[in-house]
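Inside the fold
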Amino acid sequence: MNATAISAAHEAPGRPLVSLRGVTKTFSTGTTALAGVDLDIAPGEFISLLGPSGCGKSTVLRMLAGLADPSTGTIDWPQARVDGAGRPDLDMSFVFQEATLMPWGTVARNVWLPLRLKGLSMKAARPRIDEALEMVGLGGFADAYPRELSGGMKMRVSIARALVTRPVVMLMDEPFAALDEITRQKLNDDLLRLWETFGWTVVFVTHSVFEAVYLSQRVMVMAARPGRIIDGIDVDRAEETPESWRTSETYVRLCQRASASLVSAIAGTDHL
Amino acid sequence: MSGVRSPSADGKASPAEARGMERLLRVVVPVLMLAGLVGLWQWYVTAFAVPHYILPSPVRVAGALVTDWQVLGPALLVTLKITFSALFLALVGGLALAILLVQSRWIEIALGPYLVILQVTPIVAIAPLILIYAPTTQTALLICAFIVAFFPVLSNTVQGLKSTDHNLIDLYRLYGASRMQTLWLLRLPAALPYFLAGLKIAGGLSLIAAVVAEFAAGSAGAGSGLAFRILESQFRLNIPRLFAALLLLSAAGVAIYAATSLLAHLLLHKWHESAIRREK
Ligand SMILES: Nc1ncnc2c1ncn2[C@@H]1O[C@H](COP(=O)(O)OP(=O)(O)OP(=O)(O)O)[C@@H](O)[C@H]1O
Ligand SMILES: [Mg+2]
């Protein structure tokens, strides 16, 4: 399935995978979480949403996943059929900020879930489950229960569960926020490797300027109250290795630029 | 559990040995305690020559248990039958109604008040009415015990079904799970610890309700349960038999509690926080 979606993207390079137009979201509590978001995401792109707490990053992600509806505005998937609930018929995976595992199931059974819901038996799904666990470095933990794992390992199970469907679109909500610097760095590199291998479209939410610039091709900086996009930074990561990229002048300069944007985003809401 | 530490040099017991020791003590300590209390009781009765129609000695109670078994055995069976039928119906009914209630907010709004009324009205007060309407006394007792046992199962299970992790519900939605799949694979397992907590309470309550309802019914004759035998023994001042009947009731209560706890442990020990032994 993802092969067709990607080749379709190559045939029509100008067409975005998804495009948001004038999207607003007002909750029943009266909070305006988003006010007029316009955003195009190209197929195969790695895009980050960077912004202070409460600026509506999660809300954007949930709307992309069809888990919330915009109050006004449209979310269009020009290359896919969209069902009644606003979900495109693309394979989409969501990684939540918390691992969100089922404690009563082993690691393997948790990773099996998306395939199980599609009607695949454990036996049929097993090779793909093992493969996904191998990719996140948890090959030996298939039969462990979530409570036997560390926070970082749980997070990696959650990522394996997202990988196992071989998604076209990967939505990640601060997946590494709770992890230590080393693990986070490793998972960042793993994520980039997987993205290059599978050609996903990744929408990555983060608080961290460095993570956003390190990972993405484009960083969208958001401001709160009301939530909106205030800056878009294109990151041109030439053929750099992880090490050289992290110390390169371009990287440092873009981080400074993104930081400045973020500071202005926070300053704009400070007086409230 | 897998981390095995070797015995330390100062001769302290290894964790495995310490665990075995603890397990042994868990049995030995209560048994010693029981033996001590019974011994004290026997000594008191003998030393002060307490008449058996006031406080029978443990030996006499044991004797009554054996000699009166023809009377007490069938009565115990009757009480247990009511208890377990009521418990079974409460589990099935509580679970089914809980699932129904969480399907729609309106069902909950419509039924909620009546469930609360049923719960808060003392069963002793409704029992006479139920006795009039029910075809037999046994049925009336069963209905009383059911009403009492049903509520903890229902409210616990509803609570459990509602406290399912919202992110997991979203995840199921994202992957296009059907309502049945979400119920079966997510909501019911998430509610299991709550359901089992309800079961533990309901087990004890159904026995209590079976006895209380029989007191209220005041039924007599061949088909009567332990409650009636207790009243009867009281009238006849057959105190040893009264104690023997009480003993049977507590034993039944303890057995039910142990069985429900064991079931909960078996179902939860692999994953739920309540059943996990923390390793230091
Ligand atoms: N279900 C809800 N009901 C009411 N208000 C909500 C709801 N969800 C989010 N909000 C509000 O919408 C705004 C944006 O929330 P959102 O979760 O998208 O922020 P965020 O950018 O993801 O923040 P964080 O970085 O802290 O996760 C917040 O002000 C929040 O209070
Ligand atoms: Mg968020």
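Keep in mind it's a predicted model, so treat the numbers as computed, not measured.

**Brief notes about the domain arrangement of chain A**
Residues and elements named next belong to chain A. Segmenting chain A into domains produces domain 1 (3–90 + 168–267) and domain 2 (99–167). Taken residue by residue, the interface counts 12 residues in domain 1 and 10 residues in domain 2. Here domain 1 packs against domain 2, burying approximately 970 Å² in sum over the two surfaces, 78% of which is carbon and sulfur. If you sort the residues of domain 1 by the area they bury against domain 2, Met-170, Leu-187 and Leu-194 come out on top, with a joint share of 32%. Here domain 1 is connected to domain 2 by 1 residue pair in polar contact (both at pLDDT 80 or more). For the side of domain 1 that touches domain 2, the secondary structure elements donating two or more residues are strand 6 (169–173) and helix 6 (181–198). Residue contributions to the side of domain 1 that touches domain 2 peak at 4 residues, all from helix 6.

**What about the interface of chain B and chain A?**
In many reports, interface size means the accessible area that the parts give up when they come together. With 19 residues of chain B in contact, the opposing surface of chain A contributes 25 residues. Here chain B packs against chain A, burying approximately 2100 Å² in sum over the two surfaces, 65% of which is carbon and sulfur. Ranking the residues of chain B by area buried against chain A places B:Leu174, B:Tyr175 and B:Trp271 at the top, with a combined share of 34%. Our count for the contact surface shared by chain B and chain A stands at 1 salt bridge. In this structure, A:Arg62 and B:Asp170 form a salt bridge, with 2.5 Å as the shortest nitrogen-oxygen distance.

**Some thoughts on the site of ligand 1**
Residues and elements named next belong to chain A. Looking at ligand 1, there are 13 residues lining it, with Ser-53, Gly-54, Lys-57, Ser-58 and Thr-59 nearest. Between an oxygen atom of ligand 1 and a side-chain N or O atom of Ser-58, the distance comes to 2.6 Å. In the model, an oxygen atom of ligand 1 is placed 3.1 Å from a nitrogen or oxygen of the Glu-174 side chain. Burial of ligand 1 by the surrounding chains reaches 64%, relative to a free accessible area of 630 Å². Among the elements that line the shell around ligand 1, the one with the most residues is helix 2 (residues 57–64), at 3 residues. For the shell around ligand 1, the residue count by class is 3 nonpolar, 8 polar and 2 charged.

**A few points about the pattern of salt bridges**
All names here are of chain A. This model, assessed by the stated rule, comprises 17 salt bridges over all chains. Put simply, Asp-190 and Lys-186 hold a salt bridge, and the shortest N to O gap is 2.7 Å. One end of the pair is Asp-190 and the other is Lys-186, both in helix 6 and 4 residues apart, which spans about a single turn. Take Asp-190: its relative accessible area is 10%, and that puts it in the buried class.

**Observations regarding the packing of aromatic side chains**
For the coordinates displayed, the defined rule picks out 12 aromatic pairs over all chains. A ring pair is formed by A:Phe94 and A:Phe96, whose centres lie 4.6 Å apart and whose planes are at 25°; its orientation type is stacked. Each member of the pair A:Phe94 and A:Phe96 is classed as buried. Judged by centre distance (6.0 Å) and plane angle (90°), the ring pair of B:Trp43 and B:Phe48 falls under edge-to-face. Its relative accessible area of 52% is what places B:Phe48 among the exposed residues.

**A closer look at the nonpolar core**
All names here are of chain A. By size, the foremost hydrophobic cluster in this structure holds 72 residues, and its most contacted members are Leu-64, Trp-77 and Leu-171. When near neighbours in sequence (up to four residues on either side) are disregarded, Leu-64 contacts Val-18, Leu-20, Ile-41, Ile-75, Trp-77, Met-92, Leu-171 and Val-203. Core analysis: the next-biggest nonpolar cluster, separate from the first, contains 55 residues, Val-95, Leu-101, Trp-112 and Tyr-214 among them.

**Let's talk about the pairing of strand 8 (residues 218–223) of chain A**
Residues and elements named next belong to chain A. Counting buried residues in strand 8 gives 6 out of 6 residues, a clear majority hidden from the surface. Examined bridge by bridge, strand 3 (residues 46–50) and strand 8 share 4 bridges and lie parallel to one another. Bridge assignment links Ile-47 to a residue of strand 8, and that residue is Arg-218.

**Let's talk about the UniProt feature "transmembrane region" (unreviewed entry) in chain B**
All names here are of chain B. Residues given the UniProt feature "transmembrane region" (unreviewed entry) here are residues 24–44, 82–102, 114–134, 140–161, 182–201, 207–231 and 243–268. Summarising residues 82–102: 100% helix, 0% strand, and an end-to-end C-alpha distance of 30 Å. Taken end to end, residues 140–161 has its terminal C-alpha atoms 31 Å apart, with 100% of it in helix and 0% in strand.

**Topic: the sheet that holds strand 1 (residues 18–26) of chain A**
Residue and element names in this part refer to chain A. The strand order across the open sheet built from 3 strands is 2-1-4, with neighbouring strands paired in antiparallel fashion. In the strand order of this sheet, the two ends are held by strand 2 (32–41) and strand 4 (72–76), each with one partner. The sheet shows a mean angle of 15° between the axes of neighbouring strands, taken without regard to direction. In this sheet, strand 4 lies alongside strand 1 in antiparallel orientation, the contact comprising 4 bridges. Paired with Thr-24 across the strands is Thr-72, a residue of strand 4.

Definitions and limits used
- Residues numbered from 1 in each chain as written.
- Chains lettered and ligands numbered in written order.
- Predicted model: local features only at pLDDT ≥ 70, side-chain atom pairs only at ≥ 80, totals over all residues.
- Heavy atoms only, no water.
- Domains from an automatic or database assignment.
- Contact = heavy atoms within 4.5 Å.
- Buried area = accessible area lost by both parts, 1.4 Å probe.
- Polar contact = N/O pair within 3.5 Å; in protein donor to acceptor, adjacent residues only side chain to side chain.
- Helix = DSSP H or I, 4+ residues; strand = E, 2+ residues; numbered from the N terminus.
- Salt bridge = Lys/Arg side-chain N within 4 Å of Asp/Glu carboxyl O.
- Near = heavy atom within 4 Å.
- Areas by Shrake-Rupley, 256 points an atom, 1.4 Å probe, with all protein chains shown as cover.
- Nonpolar A, V, L, I, M, F, W, Y, C, P; charged D, E, K, R; others polar.
- Buried < 20%, exposed > 50% of the residue type's maximum accessible area, 1.4 Å probe, protein only.
- Phe/Tyr/Trp six-rings, centres within 6.5 Å; stacked < 30°, edge-to-face > 60°.
- Core = buried A, V, L, I, M, F, W, Y, C linked by side-chain atoms within 4.5 Å.
- Pairing = 2+ DSSP bridges.
- UniProt positions renumbered as here; feature names shortened; annotations may be inferred.
- Axes fitted to C-alpha atoms, helices over the stretch in contact; angles between N-to-C directions.

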